[in-house]
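Coordinate inspection notes
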Amino acid sequence: MRWSHTWIPTLREDPQDADVPSQKLMIRAGLIRKLAAGTFTYLPLGLRALRNAERIVREEMDRAGALEMLMPVLQPADLWKESGRFDGFGDLMCKFTDRNGHVNVLGPTHEEVVTHHVRSEITSYRQLPVTLYQIQTKFRDEIRPRFGVIRSREFLMKDGYSFDVSWEGLNKSYQAMYDAYQRIFSRAGLKFCIVEADSGLMGGDVSHEFMALAEIGEDVLVRCDKCGYGANREKAESRTPEKRWDIVHAPTFVPLQEVETPNVTTVDAVAKFLGIPPLRLVKTLIYKVKGEPVAVLVRGDHEANPTKLAHHFGTTEIALADAATIEKVTGGAMGFSGPVGLKIKKIADHALTSATNCVTGANKKDTHLINVNLDRDFTVDGFADLRFAMTGDSCPKCEGTLSLSHGIEVGHTFKLGTKYSEGMGAKFLNEKGELHPSIMGCYGIGVNRIVAAAIENSHDKDGILWPPALAPYPVHLVSVNPKDAKVAEASQRLLDQLAAAGLEALWDDRDAQAGVKFKDADLLGLPVRLTLGGRGVEAGTVDLKPRNQPAQRAVRMDDAVGEVKKALAEYAAAFAR
RNA sequence: CAGGCCGUGGCUCAGCCUGGCAGAGCGCCUGGCUUGGGACCAGGAGGUCGCAGGUUCGAAUCCUGCCGGCCUGACCA
């Protein structure tokens, strides 16, 4: 493709409204343009990359035995009311009323639609199992679109749904998708990891998130450096390293004592005021669980994890108590709560098992207690894992150490079970003539996010370094002076040879300064750059520079195709996991 | 949704405080000269200063409202 025949509007400067590297580079390299908040146009070059990502997804889904179909974006709201998710999704859903007064939604996902079709058509165990998928535009009226195409209101998603006659069948279908996902993200050249995700109180027991590792990722994940354990922040278990207490604690119990702490309420402030590390404090959080006040105790430097609380209490009706409730329950002001003398149910995080001589609120305004000890000064109704894991914690599965990293969620798999099939009547007759709901799984991939994450994973100060499978073109030919007939002729000959070998090249045939073209070539980041100028034509050579190498080298024109293939193979090897 | 910031040529931005002919760099067009890492010379096109109202002899500039965008937060103790 000639540069002069396509449309690649590169920008010299960073766009004003972009903040993350992938977004800046996608705009500067002429891949996308923003239309409005959270909506983007893919220009020719960007579309090629997006189509490459899409192709990888499609090939691997097909290989895994999934069947591609295409469902409507436009869906009747009634279906969503039937599943009970119309209100659940709420304002996240784009909706409108049509001329007949019917409420329609623009699909944010397709469980309802696919379940509707399956319940009408698939009524026998003989028709199962089946895994259906589509690659299609989804709409979500995000609270806050950001990071370019990473969180947008309109995006391309691969969504798949499996239907099985049994849980064993679901496990098999799920594993097939799980394996396909690994192949997809490997082929796309992403640095990714798979983490356990919380499946909530509803539905199945297993959920995995496929995370592209990136500093700017919105999701926090916890990983073990030794055994490969990974989980998202809501789900991650951990063990508190015992020795940290031994270091900071006095060896013997010291008498309980009241101290004045005027207007000092937060953990950090109390720690600073008393000149002790935050982990010496015990945070006492008053929650309302199904309307009942409960005290949750966690170490000062730890954070209570609402998801774990929900699991512990077996309800989602959990919220921090308001100031009035806290005063009523503790007898003291907000910010000065403590377990000593507290009458309500108290549960503590495991990390407090060995807590000695710690600091708590006194349930009295402007007062804290020091040298508080479990059993001697207060008791709890139980211990549980109630907090978020943090860097330095011990792995729950082995002796390794956990660390936090950020990730972009590029894929999510979920064992749904019978939530939708039961609720929407997607049932089949088994061989005994009994009616059963299908066992469902669902599987999503953010196709745009694959592209953005790849750039996030692979760029330098000059521009993109495309993973080979996503690169809009494998080869970038820069003709230094294309007005020179000899150069133009040699360039065309080279392009023909490359094409004959199945290598499509972007040919920068612009009448521009060489420097301009080199800068643009670095920005676009195609895997292999060839440079041809007057002196090369004279010598019968062309200069070859892989995007990930600092220097170029001259190769004979006759050997160019072979050298390009070799360079592409080496380049690809650098992206192999 | 709440808080903060920002809307001036295609892009990045200055001008606004202290009202008085709408600017710069890049990009674009024409010609010249150049062509191996964002050259140079000459000429040129391009802007209802987000929208509406108000104050004023006079508003990009001050005031009010609206629209759009960006950032932060939204159980963080």
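What counts, and where the lines are drawn
Residues numbered from 1 in each chain as written. Chains lettered and ligands numbered in written order. Predicted model: local features only at pLDDT ≥ 70, side-chain atom pairs only at ≥ 80, totals over all residues. Heavy atoms only, no water. Helix = DSSP H or I, 4+ residues; strand = E, 2+ residues; numbered from the N terminus. Buried < 20%, exposed > 50% of the residue type's maximum accessible area, 1.4 Å probe, protein only. Areas by Shrake-Rupley, 256 points an atom, 1.4 Å probe, with all protein chains shown as cover. Salt bridge = Lys/Arg side-chain N within 4 Å of Asp/Glu carboxyl O. Pairing = 2+ DSSP bridges. Domains from an automatic or database assignment. Near = heavy atom within 4 Å. Polar contact = N/O pair within 3.5 Å; in protein donor to acceptor, adjacent residues only side chain to side chain. Axes fitted to C-alpha atoms, helices over the stretch in contact; angles between N-to-C directions. Contact = heavy atoms within 4.5 Å. Disulfide = S-S within 2.5 Å. Core = buried A, V, L, I, M, F, W, Y, C linked by side-chain atoms within 4.5 Å. Parallel < 35°, antiparallel > 145°, perpendicular 65-115°, else oblique. Left-handed = near helix turned anticlockwise from the far one by under 90°. Nonpolar A, V, L, I, M, F, W, Y, C, P; charged D, E, K, R; others polar.

1. So, the overall build of chain A
For chain A, the count of helices and strands is 16 helices and 31 strands. For the C-alpha atoms alone, the extent of chain A along its principal axes is close to 95 × 65 × 50 Å. Across the 577 residues that make up chain A, the buried fraction comes to 53%. On chain A, roughly 26,000 Å² of surface is accessible, and the fraction owed to carbon and sulfur atoms is 51%.

2. A few points about the pattern of salt bridges
One pass over the structure, following the stated rule, counts 42 salt bridges. A salt bridge links E59 to R187, with the nearest nitrogen and oxygen atoms 2.8 Å apart. On the criterion of sequence distance, the pair formed by E59 in helix 2 (residues 44-63) and R187 in helix 6 (residues 167-187) is long-range, its members being 128 residues apart. The partner of D522 in a salt bridge is R529, and the shortest N-O contact between them spans 3.9 Å.

3. Describing the pairing of strand 6 (residues 103-106)
Bridge count between strand 4 (residues 74-76) and strand 6: 3 bridges; the pairing is antiparallel. Following the sheet pairing, L74 is matched in strand 6 by L106. Judged from the 4 bridges that link them, strand 5 (residues 94-97) and strand 6 form a sheet pairing that is antiparallel. When the sheet's bridge partners are listed, K95 is paired in strand 6 with V105.

4. Details of the domain arrangement of chain A
Interface size, as often reported, equals the accessible area lost upon joining of the parts. Annotation of chain A at the domain level lists domain 1 (17-189 + 412-455), domain 2 (244-384) and domain 3 (473-573). For domain 2 versus domain 3, the separation of C-alpha centres amounts to 67 Å.

5. Focus on the protein's contact with RNA strand B
Around RNA strand B there are 41 residues in total, and Q16, R144, P306, L320 and D522 lie nearest to it. Each atom of RNA strand B within 4 Å of the protein belongs either to a base or to sugar and phosphate, the latter forming 39%. The separation between a sugar or linking oxygen of RNA strand B and a polar side-chain atom of K34 is 3.1 Å. Between A37 and RNA strand B, the recorded distance is 3.3 Å, taken from a backbone N or O atom to a phosphate oxygen.

6. Points about the sheet that holds strand 5
Read from one edge of the open sheet, 3 strands run 4-6-5, paired in antiparallel fashion. Of all strands in the sheet, those bounded by a partner on one side alone are strand 4 and strand 5. Strand-to-strand, the axes of this sheet are offset by a mean angle of 35 degrees, without reference to chain direction.

7. Considering the sheet that holds strand 31 (residues 553-556)
Taken in spatial order, the 5 strands of this open sheet run 28-27-29-30-31, and their pairing is mixed. A single partner strand is all that each edge strand has here, and the edge strands are strand 28 (505-508) and strand 31. Taking each pair of neighbouring strands and ignoring which way they run, the sheet shows an average axis angle of 30 degrees. Where strand 30 (residues 541-546) lies against strand 31, 4 bridges are found, and the strand directions are antiparallel. The residue bridging L544 from the neighbouring strand is R553, located in strand 31. Strands in contact with helix 14 (residues 514-524) are strand 27 (475-479), strand 28, strand 29 (528-532) and strand 30; relative to strand 27, the strand with the most contacts, it is inclined by about 175 degrees. Contacts from helix 16 (residues 560-575) reach strand 27, strand 29, strand 30 and strand 31, with the element oriented near 5 degrees to strand 30.

8. Some thoughts on the state of the cysteines
Counted under the stated rule, the structure contains 0 disulfides. Its sulfur unpaired, C224 is 3.6 Å from the next cysteine sulfur, which belongs to C398. The class of C224 is buried, set by a relative accessible area of 8%. Free cysteine: C395, not disulfide-bonded; nearest cysteine sulfur from C224 at 3.7 Å. On the accessibility criterion, C395 (0% relative accessible area) is buried.

9. Some words on the side chain of N457
Mapped onto the secondary structure, N457 falls in helix 12 (residues 447-457). Side-chain polar atoms of N457 contact the backbone nitrogen of K191, separated by 2.8 Å. In this structure, N457 is in contact with L190, K191, L213 and A214, ignoring residues within four places of it in sequence.

10. Focus on the nonpolar core
If you look at the biggest cluster of nonpolar residues, it comprises 61 residues, and the most contacted ones within it are M26, L31, I184, F185, L190, I450 and W466. If we ignore the near neighbours within four places in the chain, the residues touching I450 are A53, V57, I184, F185, A188, L190, V410, I445 and L470. Core analysis: the next-biggest nonpolar cluster, separate from the first, contains 24 residues, L79, V105, L128 and Y420 among them.

11. Things to note about the side chain of R510
Secondary-structure assignment places R510 in the loop between strand 28 and helix 14. Those residues in contact with R510, other than ones at most four positions away along the chain, are W3, P482, K517 and D520.

12. Thoughts on the environment of R48
The topology assignment puts R48 in helix 2. On the accessibility criterion, R48 (27% relative accessible area) is partly exposed. Those residues in contact with R48 that sit more than four places away from it in its chain are P472, Y473 and E504.

13. Re the environment of L435
Along the polypeptide, L435 turns up in strand 23 (residues 435-437). When the C-alpha atoms of L435 and S124 are compared, they prove to be 9.1 Å apart, with 311 residues separating the residues in sequence. Contacts of L435, omitting those with residues within four sequence positions, involve K427, F428 and L429.

14. Details of the packing of helix 2 against helix 6
For the pair helix 2 and helix 6, interaxial distance at closest approach is 9 Å and the crossing angle is 150 degrees. One finds that helix 2 runs roughly antiparallel with respect to helix 6. For the pair helix 2 and helix 6, the crossing hand works out as right-handed. Contact residues: helix 2 offers R55, I56, V57, E59, E60, M61 and R63, while helix 6 offers M177, A180, Y181, R183, I184 and R187. A breakdown of the residues in the contact of helix 2 with helix 6 according to their chemical character gives 7 nonpolar, no polar and 6 charged.

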